[in-house]
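# Fold and contact review
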Amino acid sequence: MESAKYVSQKVSKTRWRPVSYSSLQQPDVFVTGSWDNEDNKISVWSIGNHGSSGQDDGCEGDPQLICEYKHHGDVLDLQFLDQERIVTASSTGAVTIYRHHQNSQTISVSHQWARAHHYPSDNTPCTGVVCSSPEIITVGEDGRIIVFRADQEGVIRVIENADSSTIHAVTYLRTTEILTVNSIGQLKLWDLRQQSNSPSQILSLSGDRVPLYCVDRHPNQQHIVATGGQDGMLCVWDVRQGNMPSSLMEAHSAEMWEVHFHPTNPDHLFTCSEDGSLLHWETSSHSDMPSFLQGGRNTSLTSRSAMAPAVGNQALISAWLSGDSSKCRLETTHMLPSQTLSVNSLDVLGQCLVCGTDGEAIFVNRQVPV
């Protein structure tokens, strides 16, 4: 990692601000959220020089705090809605839209749904959020899936009892379909065009019901999904084939908190864990994943939750699905010096990677080999 910044708060989530494809720029602003502190906050950081003299701020490119704002409860998830608005999921059950005013470098609350996730008598944590502007979808410990629109006060839709266990994470599969993972090892597909409150498909880990904590979808081959959970295993699923994972790879020695395909070069995947490690996975699948599949270029913004269009020949076999036979074609690299405390969150965009830890540190790498 190129630079480490100590921030005197445990960092629970971090995300790059989306960049415009047309400019081919590298991301230079990211947001972090904190947890387990007396006063939690969301903070906006820059790795550009933003008119500073440079000399006073240590080495060029060190993250500089631009602005911050208090956040009630732990920040359990964080996503950009667009280049100015940030949506957070709180341990209080609240879903909040913040606006980052780039001219004044301040943050304000644009809208809040205070008790979005709750039990009859108490609040319950909102555990995950995914955005496709103006749509916002959240999940929680209450087993609910809630659909909001940033431009409307009320709730658009609630899928009550979507799950009898905690839903830990959510992502889009396609524009009208989402995936959720839960605490009994299930991956569920939901078609939001249907009025039904039942999933269209359920996939699960056989045997032990190992909680799943994170999920990400391959940006171009949308039937390929990666998950991670309590046992630290990296699971890759083909949602068209059966209801069990296609590949299981030993990744971490403790809980895997996040998994992310690189949004424009999905031969690369990144995972982080309670065990203090951040791994970069690369499939040397150049024979069966030609460069035109590294697409999604005709979307105007690229970000973690942006919907990349399907590109190229979907029949190509991805190396991610080849299971054990791909072991020789899968390289794994440790990206952090040996850490003792949990790496809670990571995000990768272009050649830039950021991660946040319980060691109250942010690590930034601007030369990710992708």
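Each value, and the rule that gives it
- Residues numbered from 1 in each chain as written.
- Predicted model: local features only at pLDDT ≥ 70, side-chain atom pairs only at ≥ 80, totals over all residues.
- Heavy atoms only, no water.
- Salt bridge = Lys/Arg side-chain N within 4 Å of Asp/Glu carboxyl O.
- Helix = DSSP H or I, 4+ residues; strand = E, 2+ residues; numbered from the N terminus.
- Buried < 20%, exposed > 50% of the residue type's maximum accessible area, 1.4 Å probe, protein only.
- Pairing = 2+ DSSP bridges.
- Axes fitted to C-alpha atoms, helices over the stretch in contact; angles between N-to-C directions.

## Digging into the pattern of salt bridges
For the coordinates displayed, the defined rule picks out 15 salt bridges. Here Lys13 ties to Glu258 by a salt bridge, and the two come within 2.5 Å at their closest N and O atoms. In this pair, Lys13 is assigned in strand β2 (residues 11-16) and Glu258 in strand β23 (residues 256-261), connecting sequence segments 245 residues apart. A relative accessible area of 11% places Lys13 in the buried class. A salt bridge links Asp82 to Arg85, with the nearest nitrogen and oxygen atoms 2.8 Å apart. Judged by its relative accessible area of 16%, Arg85 falls in the buried class. Among the charged side chains, a network of salt bridges with common partners joins Lys13, Arg15, Asp77 and Glu258.

## What about the pairing of strand β10 (residues 106-113)?
In terms of strand pairing, strand β9 (residues 95-101) meets β10 through 7 bridges, oriented antiparallel. Counterpart to Tyr98 in the pairing with β10 is Val109. What sits between β9 and β10 in their antiparallel hairpin is a turn of 4 residues, with Gln105 showing a positive phi close to 50°.

## With respect to the sheet that holds strand β19 (residues 212-217)
Taken together, 4 strands build an open sheet; the order of strands is β19-β20-β21-β22 and the sheet is antiparallel. If you trace the sheet from one side to the other, it starts and ends with β19 and β22 (247-250), each paired once. Across the sheet, the mean angle separating the axes of adjacent strands is 20° when strand polarity is ignored.

## Some details on the sheet that holds strand β30 (residues 361-365)
The strand order β1-β30-β29-β28 describes an open sheet built from 4 strands, whose pairing is antiparallel. Either end of the sheet is taken by a strand with one partner, and the two such strands are β1 (3-6) and β28 (343-349). Averaged over all pairs of adjacent strands, the angle between strand axes in this sheet comes to 15°, irrespective of strand direction. Here β1 pairs with β30 via 4 bridges, running antiparallel. By the bridge assignment, Tyr6 is partnered in β30 with Ala361.

Treat this as a map of the structure, not an account of what it does.
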